[in-house]
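One letter stands for each residue in the lines below.
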Amino acid sequence: MSDSALLAALYLEAVLPVLPHLAAHDGPLAAALAGPDLAVSLLAPGGLRTRLALTDGAATVTHLPRPGDLRLWFPTAAQVVRAFDGQKRPALALPVGGFFKLLRARRLVAAGARLETLLNTRAEPHLALHAWGNLLVGIAAGAVWLRRHPDGPALHRRLGGGLGVLNCPAFPAPIWFDAATLSWGVGPPPGPVRVAITFARMEVVLAELDQRLDAPAALGLGDLRIEGYLPLAEQLGIVMLQAGKLLKPVNH
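First things first, this report covers the structure right here in the doc. (Residues numbered from 1 in each chain as written. Predicted model: local features only at pLDDT ≥ 70, side-chain atom pairs only at ≥ 80, totals over all residues. Heavy atoms only, no water.)

## A few points about the overall build of the protein
Looking only at helices and strands, the protein features 10 helices and 10 strands. By the compact-globule yardstick of 18 Å for 252 residues, the protein fits well, its C-alpha radius of gyration being 18 Å. Counting over 252 residues, the protein shows a buried share of 46%. With the model as given, the accessible surface of the protein reaches about 11900 Å², and the carbon-plus-sulfur share is 59%. Averaging the positions of the 23 positive and the 18 negative side-chain charges in the protein gives two centres separated by 9 Å. (Helix = DSSP H or I, 4+ residues; strand = E, 2+ residues; numbered from the N terminus. Rg over C-alpha atoms; globule rule 2.2 N^0.38 Å. Buried < 20%, exposed > 50% of the residue type's maximum accessible area, 1.4 Å probe, protein only. Areas by Shrake-Rupley, 256 points an atom, 1.4 Å probe, with all protein chains shown as cover. Lys, Arg positive; Asp, Glu negative; His and termini not counted. Charge placed at Lys NZ, Arg CZ, Asp CG, Glu CD.)

See below:
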């Protein structure tokens, strides 16, 4: 898989799926998504496909288009990247089904702008959501990298199985990751936890996101707590770093 195709997969399968979780805790994002029911399937070569459904004020993201969706076809992975990379460049997306829903989809532009604001800016009113959302993207991107990168399967074997959980008192909910199935989510983990990573305060999370956290010092000071199987936490960090090199989030 080319870097462009992998980056497109990261946007469709890691960044977009975080939107419903942030919308559940951010009023402006929820307001941007409000309106008539809408289902949009984003499709591109290489088996890239993601479905965003807005129903009864709630957003869900899956990977299986359904009949009646507004279907937008990106002829290349590069066009997907252009649509998501925040550089305001026009992207070519061809409506190949559900044309009558195009007007309803206009509100996704405002939702996308709010999602970009939450993930890429550090304003005090949404700082906790910024940190939480970026960790969510990092976990989701790690899963995509392990599935799609040529080096992913070998690293996945070294990762082994087990559930990992990341949390901070400022977060709306814990983040969990299943190393065996490469699934992830928020809230209570769906099984026994093999490793739990806890950040004592927001500054520690931000330092981790900026790759400037001195982990041994943070552990010694109690700013970072890792309980359980430490190698799983270390390998997970490596995967998130590899995915992050492609996404290269911009923090202000």
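## A few points about the sheet that holds strand β3 (residues 58-62)
Strands pair in a sheet through their backbones, by hydrogen bonds, and they do so in one of two ways: parallel or antiparallel. A sheet is described by the order of its strands in space; here five strands give the open sequence β3-β2-β1-β4-β5, paired in mixed fashion. At either end of the open sheet lies a strand with only one pairing partner, and these are β3 and β5 (94-97). Pairwise comparison of adjacent strand axes, ignoring direction, gives a mean angle of 25 degrees for this sheet. Relative to the sheet, helix α1 (residues 3-15) contacts β1 (38-44) and β2 (48-55), its axis offset from that of β2 by approximately 20 degrees. (Pairing = 2+ DSSP bridges. Axes fitted to C-alpha atoms, helices over the stretch in contact; angles between N-to-C directions. Contact = heavy atoms within 4.5 Å.)

## Considering the packing of α1 against helix α4 (residues 77-84)
Where α1 contacts α4, the two axes come as close as 8 Å, and the packing angle between them is 45 degrees. With respect to their mutual orientation, α1 and α4 come out oblique. Relative to α4, the crossing made by α1 is left-handed. Residue-level inspection shows Ser 4, Ala 5, Leu 7, Ala 8, Tyr 11 and Leu 12 of α1 in contact with α4, the latter providing Ala 77, Ala 78, Val 80, Val 81 and Phe 84. (Parallel < 35°, antiparallel > 145°, perpendicular 65-115°, else oblique. Left-handed = near helix turned anticlockwise from the far one by under 90°.)

## Brief notes about the nonpolar core
Generally speaking, nonpolar side chains in soluble globular proteins are found buried as a group. Counting 78 residues, the largest nonpolar core has Leu 22, Phe 177 and Phe 199 as the members making the most contacts within it. When residues of this core are assigned to their parent elements, the largest contribution, 14 residues, is made by helix α6 (residues 127-148). Not counting residues within four places of it along the chain, the set of residues in contact with Phe 199 comprises Leu 135, Leu 166, Asn 167, Cys 168, Pro 169, Val 204, Val 205, Glu 208, Asp 223 and Leu 224. (Core = buried A, V, L, I, M, F, W, Y, C linked by side-chain atoms within 4.5 Å.)

## Overview of the side chain of Arg 51
With respect to the helices and strands, Arg 51 occurs in strand β2. Of the polar contacts made by the side chain of Arg 51, one reaches the side chain of Asp 69; its length is 2.8 Å. (Polar contact = N/O pair within 3.5 Å; in protein donor to acceptor, adjacent residues only side chain to side chain.)

## Re the sheet that holds strand β6 (residues 163-167)
Strands sit in the order β8-β7-β6-β9-β10 across an open sheet of five strands; the sheet is mixed. Two strands in the sheet have a free side with no partner beyond their single neighbour: β8 (183-186) and β10 (224-228). Strand-to-strand twist across the sheet, computed as the mean angle between neighbouring axes with direction ignored, equals 15 degrees. Across five bridges, strand β9 (residues 193-199) lies against β10 in antiparallel orientation.

## Looking at the packing of aromatic side chains
Counted according to the given criterion, the structure contains one aromatic pair. Where Tyr 11 meets Phe 84, the ring centres are 5.7 Å apart and the plane angle is 20 degrees; that geometry is what we call stacked. Placement of Tyr 11 in helix α1 and of Phe 84 in helix α4 is noted, with a sequence separation of 73 residues between them. Over the ring of Tyr 229 we find Arg 194; its NZ or CZ atom is 3.9 Å from the centre of that ring. (Phe/Tyr/Trp six-rings, centres within 6.5 Å; stacked < 30°, edge-to-face > 60°. Lys NZ or Arg CZ within 6 Å of the ring centre and 35° of its normal.)

## What about the pairing of β6?
Within β6, four of the five residues are buried, which leaves it mostly tucked inside the rest of the structure. The pairing of β6 with strand β7 (residues 175-178) spans four bridges and is antiparallel. By the bridge assignment for β7, Leu 163 is matched with Asp 178. Summarising the sheet, β6 and β9 pair through five bridges and their orientation is parallel. By the bridge assignment, Val 165 is partnered in β9 with Ala 196.

## Things to note about the environment of Arg 201
Its location among the elements puts Arg 201 in the loop between β9 and α8 (202-209). Once you skip the residues sitting within four places of it in the chain, Arg 201 turns out to touch Cys 168 and Asp 223. Only 2.5 Å separates the side chain of Arg 201 from the side chain of Asp 223, close enough to count as a polar contact.

## Focus on the side chain of Lys 101
Residue placement: Lys 101 occurs in the loop between β5 and α5 (107-120). We note that Lys 101 is buried and unpaired, the nearest opposite charge coming from Asp 69 at a distance of 5.2 Å. Excluding its chain neighbours within four sequence positions, the residues that come into contact with Lys 101 are Leu 38, Ala 39, Gly 68, Asp 69 and Leu 70. (Salt bridge = Lys/Arg side-chain N within 4 Å of Asp/Glu carboxyl O.)

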